[in-house]
Structure formats: C-alpha cells, structure tokens
Amino acid sequence: MADHVIEPLGPFSLAAARDFAGGFPASIGGGADTGTSLVMAFPIEPRPATGDWAKSAVVELSQTKRNGPVTARIATDGDQAAALAQAARCVSLDHDGTGWPEVGRRDPVIGGFQVTYEELRPVCFYSAYEAATSFVIGQRISRVQASRVKARLSEQAGDEVQLDGSRFSAFPRPERLLEVKVIDGLADEKVRRLHGLAEAALDGRLDTNRLRSLPPAEALNELRELRGVGEFTAQGILLRGCGLVDELPDDALSDEVLETMYVDDLARGMTREEIVERWKPYRMWATVLLRVGWGRGVGKGQSYRR
C-alpha cells in the first residue's frame, strides 16, 4: 500500500468526477463509489519496453476540499507509477486545466455548466484496451447488460486486489481474456472480436500513450483496422480511452447537442465553427460538459437560454 499526492493544475472537483463516474465506465468493470472517494480497479498497462500486462491495481482517490490536492492510495504488487498515471488520466488530472475557466468566460453556455458541475473534467476509461473492449461488449445491447457482462468477466478472469480488506476484481488482462472461450450474454462473434482486441493490446496496437502521440486521423485509421471497430467505436477509444483534450467527436448526437444549446447564437448567424473556436484548447472537455448538461435536463429538444 502506498499513498501519493496529485496537485491539480487548475480547478478540479473529485466529487463532480465521482458523480459523473456513477453513470460511466470508470464505475463498472471494477470501480466503486465509497461515498467519500472514488475507487478504481484495473489492469496496469505495461510500459512500451515490456509489453507485459502482468498485474492489476486498486487506486482510491480522495479529496478533502474542491480544487485541493488529491490523495491516491494504491494497492498493487505491480508498477505503482504506471497505476498512478492511469488513475490520474482516468479523471483527466494528467492535463493542465488552468485555462479551462477562461473557456467559460468566453462562452456563457459553457460557463453556466461549469458553475453547475464544478468545472467537471471528463472521466475516461482506464486505458485504450478497456475502452475498446467496453465499446465492443456494449454494441447492440443495453448499458445495464454490458455492465453485467463486464462484471461477470471481472469475477471470472480478472485479478482480485484487496484494499483495506475489501476485494476488487479488475477487468481481465489481455492474456486472461484470451483464455475465456465462452462469455455468457455475448455471441461467439463478439468473443472473437474481444480476443482480437486482446491480441492487439499485447502487441502494442492499443497502447494508450502511443495512440495519443499519433495525429488523430492516423490513430483512427489504425483503430478502424481492428475487428469490430467502426467509426463510432474508433472515436470512442481515442477520445475517451486515451483522454484527448482538444479533439471533437464526429457524431450526430454531438451535432444535436450543439444545435440545441446554441439555438439563439445560430439564429443570429454565428457559425458552428465560430462557436467551437471559443472552446480551444479544451474542445473535448467542452463537448463532454455540454452532453452532461444535455443528459441532465436540457436535452430532448429543449433549448438552452440564459
């Protein structure tokens, strides 16, 4: 057991992240909400030189006051530094957010939601590997069904790690996922797709930091070559598995959200490009924040008016 302190750059609320994680993948496949902290369990992504997904970790993040330091308690017999980096990336603490409030000052819609949701930063998947497997599992089934499949897989083939006497099961490491031949609730083709993703993770094609370092178009092209990964899934892996900050998703829902939230600006002749320009260099963060506002009361055809 080891404790580490993360000093957020810019405003950060773990409570806001925890609230968001309650409905997003950080809380399934091994995560848990204790009420005062955010607890995550995940396979530790290997350093490029090793390629060995040998261990899993449990990381508990806690914060006593908004914008204050975040304490990370790590339980693992693997690479603690790598586990800490993954946990920080999951709640977007790996990025400098000092300029995030300025986006809200330039854009009143963003600014309003920043106040409501405590300058929420996106909560991401633990790795590109977990993002890819989560999206493939979730294809054509409900979120509840996907969550149950991931939980069963974690119990069946994931590493068990203890924190303060509580046991947490991480999602299976790629090596272990390849050993699972039948997955209750999934068709054989999905199992084959998951095995292909496990092999891609083992040979480095799903290395999170490598994908982050590539030009987005190149990374998306590589991801689309994987079995079962189409345009939507590729974007999800890159944007939410790798935790990019200033890219924009290309999907119909994001278009609808923007058109609803900015109906007055658009009616006055402002273009979508001009609206989005105000969000730089946090365009992905802004998109996530808008979709949170949409999902919690503004959406379903309602316009947002200040």
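Conventions we followed
Residues numbered from 1 in each chain as written. Predicted model: local features only at pLDDT ≥ 70, side-chain atom pairs only at ≥ 80, totals over all residues. Heavy atoms only, no water. Pairing = 2+ DSSP bridges. Helix = DSSP H or I, 4+ residues; strand = E, 2+ residues; numbered from the N terminus. Core = buried A, V, L, I, M, F, W, Y, C linked by side-chain atoms within 4.5 Å. Buried < 20%, exposed > 50% of the residue type's maximum accessible area, 1.4 Å probe, protein only. Phe/Tyr/Trp six-rings, centres within 6.5 Å; stacked < 30°, edge-to-face > 60°. Lys NZ or Arg CZ within 6 Å of the ring centre and 35° of its normal. Axes fitted to C-alpha atoms, helices over the stretch in contact; angles between N-to-C directions. Parallel < 35°, antiparallel > 145°, perpendicular 65-115°, else oblique. Left-handed = near helix turned anticlockwise from the far one by under 90°. Contact = heavy atoms within 4.5 Å. Nonpolar A, V, L, I, M, F, W, Y, C, P; charged D, E, K, R; others polar. Salt bridge = Lys/Arg side-chain N within 4 Å of Asp/Glu carboxyl O. pLDDT = per-residue confidence, 0-100.

(A) Seen up close, the pairing of strand β7 (residues 166-169). Where strand β6 (residues 160-163) and β7 come together, four bridges link them in antiparallel fashion. Note on β7: the bridge partner recorded for Val161 is Phe168. Where β6 folds back on β7, the antiparallel hairpin that results is connected by two residues, among which Asp164 adopts a positive phi of roughly 55°.

(B) A look at the nonpolar core. Counting 89 residues, the largest nonpolar core has Leu206 and Trp279 as the members making the most contacts within it. Per-element accounting of this core gives the leading share, eight residues, to helix α15 (residues 283-298). Core analysis: the next-biggest nonpolar cluster, separate from the first, contains eight residues, Ala41, Val161, Phe168 and Ala170 among them.

(C) Representation of the packing of aromatic side chains. This model, assessed by the stated rule, comprises 10 aromatic pairs. Taken together, a centroid distance of 5.1 Å and an interplanar angle of 40° make the contact between Tyr282 and Trp285 tilted. By relative accessible area, Tyr282 is classed as buried at 7%. Among the aromatic residues, ring-to-ring pairing joins Trp53, Tyr129 and Phe171 into one connected group. Over the ring of Phe171 we find Lys150, and its NZ or CZ is 5.2 Å from the ring centre.

(D) A look at helix α11 (residues 231-241). Among the 11 residues in α11, nine count as buried, and that is most of the element. Along α11, the residues that are buried comprise Thr233, Ala234, Gln235, Gly236, Ile237, Leu238, Leu239, Arg240 and Gly241. After α11 finishes, the residue Gly243 shows a positive phi value of roughly 70°.

(E) Quick look at the packing of helix α10 (residues 216-224) against α11. Two numbers describe how α10 lies on α11: the axes approach to 9 Å, and their chain directions differ by 125°. Between α10 and α11, the angle falls in the class oblique. Crossing handedness for the pair α10 and α11: right-handed. Across from Pro216, Ala219, Leu220, Leu223 and Arg224 in α10, the residues of α11 making contact are Glu231, Ala234, Gln235, Ile237 and Leu238. A breakdown of the residues in the contact of α10 with α11 according to their chemical character gives seven nonpolar, one polar and two charged.

(F) Seen up close, the pairing of strand β5 (residues 70-75). Along β5, five of the six residues are buried, which leaves the element largely enclosed by surrounding structure. Strand direction decides the pairing type here: strand β4 (residues 56-62) and β5, joined by five bridges, are antiparallel. Its bridge partner lying in β5, Val59 is registered against Ile74.

(G) Focus on the pattern of salt bridges. Per the counting criterion, the structure on display carries 28 salt bridges. A salt bridge links Asp265 to Arg278; its shortest N-O distance comes to 3.7 Å. You can see Asp265 sitting in helix α13 (residues 263-267) and its partner Arg278 sitting in the loop between α14 (272-277) and α15, a full 13 residues away along the chain. Comparing Asp265 with Arg278, the two get one shared label, buried.

(H) Examining the confidence of the model for the chain more closely. Scored by pLDDT, the chain has a mean of 89; 90% of the residues are at 70 or more. In this model residues 23-35 is a low-confidence stretch, pLDDT under 50, and it forms 38 contacts with partners more than four residues away in sequence or in other chains. Residue range residues 299-306 is modelled with pLDDT below 50. Its contacts to residues more than four positions away, or to other chains, number 19 contacts.

(I) Main features of unusual backbone geometry. That bond from Lys280 to Pro281 is cis: its omega, 0°, falls within 30 degrees of zero. Note on placement: Pro281 falls in the loop between α14 and α15. Positive phi, normally seen in glycine, also occurs at Asn67, with a value near 70°. By the secondary structure assignment, Asn67 is in the loop between β4 and β5. We classify Asn67 as partly exposed; its relative accessible area is 39%.

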